[in-house]
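Commentary on secondary and tertiary structure
Letter by letter, the chains look like this.
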Amino acid sequence: MIPYGRQDINEDDIEAVIKVLHSDFLTQGPAVPHFEHEIAQICQVQCATAVTNATSALHLCCLALDLGPGDWLWTSPITFVASANCALYCGARVDFVDIDPKTYTLCPQALEEKLIQADKEGRLPKIVVPVHFAGQSCDMVAIHALSQRYGFKIIEDAAHAIGATYQQQPVGNCRYSDACIFSFHPVKIITSGEGGMIVTNSESLHDRVNLLRSHGITRQEQLMTEPSHGPWYYQQIALGYNCRMTDIQAALGTSQLSRLEQFLDSRRYYVARYNQALHQLPLITPYLKPGNESAWHLYVVRVPTVRQEVFNNLRQKKIGVNVHYIPVHLQPYYRQLGFYPGQFPEAEQYYEEAVTLPLFAAMTEKEQDEVIAACKQILG
Ligand SMILES: *Cc1c(COP(=O)(O)O)cnc(C)c1O
């Protein structure tokens, strides 16, 4: 089976991990701040905090932005469930904004309409989480302008988008957001096994997520309620968690990051090849908005009416196609919260037609040719 995505680990990655295993630190040590620094550099952003995964990155950002009971978080229904669950962890409520039918990212017009209505009803969101679906940035200028007018915070879910650019600037520079998060799950652009990162230009948000990452414990005397008892002393001043990344993961992440451009080039190459080979078939290839450069985490085609047949046929031919994503509001857990089919028609229509074709940096032309030949045979 050709998978839809897979990591690319080389000898340098393995050596980087072994080096840490021989060192004094296994959990958070010097490799973690080094990885954070490298990520901040490529994103052109002030601060970075490495955490266990992108799910905890979202959770800690929500907590740091004081999301709690009585508050709302809005996100896209076409995302992984984590983009919405982070609000529920904080006791807040979730709602969704329908997608743009071309880019499959959160639609700014739909957001504006929903904000106008919510404003009347006194239930404006505290946080909006735009998801850079498949690696393409959302329309951040439009979303940011609405945040200024309606007073919500923005956490960019860039789990798919490390290395992508928006208006010739790196995704993660937080020019139009309060924070941005990345995932280093093996299927994403670069991996640390499991891992996530929070980037921000806000010192106070950075301090807060750092505190929450490690139990809410501080060793900084200026944050304590009384003078230190001695060099051993620390105080717990908030309810935090253990979301620390290990040095083992950070070393792998840093090593992978050094090949980011190579990974992106490879993905772009295979995307161009897919576009060229598939454009005459009765399917819709991905749309990239002018000014955007995608990290190409996913290559999603839309196959109107015959998606099921095409999907089953490809799987039979040992092509590991997938579907990203089942709209979050249609998950049983969300249905039980009151969501129902028909609420977000663009997302639901997209879901009926979407197929993710295999795409990963280490794929071969031969593998891709197999996928293309299978598509042509089924749809040609
Ligand atoms: C993968 C993913 C996450 C969660 O990432 P983890 O690192 O696995 O926790 C969040 N949001 C989106 C859009 C994702 O694809």
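Going by the structure above, here's the rest.
Now for a look at the structure at hand. None of these values were measured; they are calculated from a predicted model.

**Looking at the site of the ligand**
In the neighbourhood of the ligand, 15 residues make up the surrounding shell, with T55, D157, H160, S183 and K188 lying closest. Interatomic distance of 2.8 Å between a side-chain N/O atom of S183 and an oxygen atom of the ligand. Between the ligand and the protein, one listed contact pairs an oxygen atom with a side-chain N or O atom of K188 at 3.1 Å. Its free accessible area being 380 Å², the ligand has 94% of it covered by the protein chains. Counting only elements with at least two residues in the shell around the ligand, the list comes to α3 (54-64) and α4 (82-89). Residues belonging to the shell around the ligand are distributed by class as follows: 6 nonpolar, 7 polar and 2 charged.

**A short note on the side chain of Q136**
Among the secondary structure elements, Q136 is positioned in the loop between β4 (127-129) and α6 (140-150). In this structure the side chain of Q136 is engaged in a polar contact, spanning 2.9 Å, whose partner is the side chain of N292. Ignoring sequence-local partners within four residues, the contact set of Q136 consists of T103, T105, Y287, L288, K289, N292 and S294.

**Quick word on the sheet that holds strand β12 (residues 292-293)**
Pairing within the open sheet is antiparallel, and its 3 strands lie in the order β7-β6-β12. The strands lining the two open edges of the sheet, one partner per strand, are β7 (169-170) and β12. Bridge analysis of strand β6 (residues 165-166) against β12 gives 2 bridges, and the strand direction is antiparallel. Residue T165 lies in a different strand from β12, and its bridge partner there is E293.

**Quick look at unusual backbone geometry**
Glycine aside, negative phi is the norm for most residues, and most peptide bonds take the trans geometry. Here H324 and Y325 are connected by a cis peptide whose omega angle stands at 0°. Despite not being glycine, Q168 has its phi angle at roughly 65°, a positive value. Within the secondary structure, Q168 sits in the loop between β6 and β7.

Calculation rules
- Residues numbered from 1 in each chain as written.
- Predicted model: local features only at pLDDT ≥ 70, side-chain atom pairs only at ≥ 80, totals over all residues.
- Heavy atoms only, no water.
- Near = heavy atom within 4 Å.
- Polar contact = N/O pair within 3.5 Å; in protein donor to acceptor, adjacent residues only side chain to side chain.
- Areas by Shrake-Rupley, 256 points an atom, 1.4 Å probe, with all protein chains shown as cover.
- Helix = DSSP H or I, 4+ residues; strand = E, 2+ residues; numbered from the N terminus.
- Nonpolar A, V, L, I, M, F, W, Y, C, P; charged D, E, K, R; others polar.
- Contact = heavy atoms within 4.5 Å.
- Pairing = 2+ DSSP bridges.

From the geometry alone we can't say anything about function, so treat these as descriptive.
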